[in-house]
Amino acid sequence: MSIPDEEQAPPSKTQRKRAMAELQALGEELVELSSDRLRKIDLPEDLRTAVREAKRMLRHDDARRRQMQYIGRLMRDVDPQPIRAVLAVVRGESADETAKLHRIERRRAEFLADEKVLHEIAAAAPSVDLQHLRALRRAALLEQAQGKPPRSYRAIFQLLKELEQGGATVVSGIEDDRE
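Residues numbered from 1 in each chain as written. Predicted model: local features only at pLDDT ≥ 70, side-chain atom pairs only at ≥ 80, totals over all residues. Heavy atoms only, no water.

Draft legend 1. Summary view of the overall build of the chain. On a plain count of helices and strands, the chain comes out with nine helices and two strands. Secondary structure elements of the chain occur, N-terminal to C-terminal, as α-α-α-α-α-α-α-α-α-β-β. Sorting the 179 residues of the chain into buried and exposed places 31% on the buried side. Partitioning the intrachain contacts of the chain with sequence separation of at least 6 by distance along the chain shows that 50% fall at a separation of at least 24. Accessible surface, the chain: about 12,300 Å² in total, of which carbon and sulfur atoms supply 50%. (Helix = DSSP H or I, 4+ residues; strand = E, 2+ residues; numbered from the N terminus. Buried < 20%, exposed > 50% of the residue type's maximum accessible area, 1.4 Å probe, protein only. Contact = heavy atoms within 4.5 Å. Areas by Shrake-Rupley, 256 points an atom, 1.4 Å probe, with all protein chains shown as cover.)

Now the structure itself:
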């Protein structure tokens, strides 16, 4: 006699414990996130409060261990997949996020090699301040030539990243929420 798929045996105690340990580890990753990134994740209020409490516990003692167990218990009532997806992006494990960063890096390299790429950027984002972008390019090239820290080089990347996200456009180096 074989058991039909609908009537499978419940998970064993070992499987349940492994699942609970995974949820607790996921909760520990939430505790390690910065407050800004934690705000961006959609969590139930009781779980968010428990994570904030754990963040305030600086000593890794029994109280913190119990708090982490409590977070693991709260995680049982939450769908972990969206949280795992956000944490994968934070850790840089998301293939889409990695591809996007590589695309931005290529665009920056093209821009530094040839100023004509500026017109392509302007066509994609008409509200971008071209003078500011040209000034950043000149400063980045000068920094490279003089061996200085790459501040403008990084600023170009951040500006291109904001343009790629599409939510905020940059005008004169100041964020503007218009589209």
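Anyway, onward from the coordinates.
Draft legend 2. Region of the structure containing the nonpolar core. With 19 residues, the main nonpolar core has L30, L43, L47, V51, I71, M75 and I83 as its most contacted residues. Leaving out residues up to four positions away in the same chain, L43 has contacts with L30, L38, R48 and I83. In terms of nonpolar packing, the next biggest core, distinct from the first, is built from 16 residues, I104, I121, L159 and L163 among them. (Core = buried A, V, L, I, M, F, W, Y, C linked by side-chain atoms within 4.5 Å.)

Draft legend 3. Structural context of the environment of R103. Summarising the element assignment, R103 is placed in helix α6 (residues 95–113). Residues R103 and E164 lie 61 residues apart in sequence; the distance between their C-alpha atoms is 9.5 Å.

Draft legend 4. Local environment of the packing of aromatic side chains. Applying the stated criterion across every chain yields a total of zero aromatic pairs. In this structure, R108 packs its charged tip against the face of Y153, placed 3.7 Å from the ring centre. When the ring centre of F111 is taken as origin, the NZ or CZ atom of R137, which lies over that ring, is 5.9 Å away. (Phe/Tyr/Trp six-rings, centres within 6.5 Å; stacked < 30°, edge-to-face > 60°. Lys NZ or Arg CZ within 6 Å of the ring centre and 35° of its normal.)

Draft legend 5. Representation of the packing of helix α7 (residues 117–124) against helix α8 (residues 130–146) within the structure. Across the interface, α7 lies against α8 with an axial gap of 11 Å and an inter-helix angle of 145°. As α7 runs across α8, the sense of the crossing is right-handed. On α8, the residues that touch L118, I121 and A122 of α7 are L130, L133 and R134. Classifying every residue of the contact of α7 with α8 gives five nonpolar, no polar and one charged. (Axes fitted to C-alpha atoms, helices over the stretch in contact; angles between N-to-C directions. Left-handed = near helix turned anticlockwise from the far one by under 90°. Nonpolar A, V, L, I, M, F, W, Y, C, P; charged D, E, K, R; others polar.)

Draft legend 6. Up close: the pattern of salt bridges. Evaluation of the coordinates by the stated rule reveals eleven salt bridges. In this structure, D36 and R39 form a salt bridge, with 2.9 Å as the shortest nitrogen-oxygen distance. With a gap of three residues between them, D36 and R39 both fall in helix α2 (residues 35–39), about one helical turn apart. For R39, a relative accessible area of 59% gives the class exposed. A salt bridge links R59 to D61; its shortest N-O distance comes to 3.0 Å. (Salt bridge = Lys/Arg side-chain N within 4 Å of Asp/Glu carboxyl O.)

Draft legend 7. Fine view of α7. Along α7, the residues that are buried comprise V117, L118, I121 and A122. Down the axis of α7, the sector holding all buried residues measures 145°, keeping them to one side. Of the exposed residues in α7, the ones pointing more than 90 degrees away from its buried face are H119, A123 and A124. Taken together, the buried residues of α7 touch α6, α8 and α9 (151–165). (Arc of directions from axis to C-beta.)

Draft legend 8. Local environment of the packing of α8 against α9. Relative orientation of the contacting elements α8 and α9 amounts to 140°, with a least axis distance of 7 Å. The crossing of α8 and α9 is left-handed. Contacts from H132, L133, L136, R137, A139, A140, E143 and Q144 of α8 reach α9 at R151, S152, Y153, A155, I156 and L159. Looking at side-chain class alone, the contact of α8 with α9 contains eight nonpolar, three polar and three charged residues.

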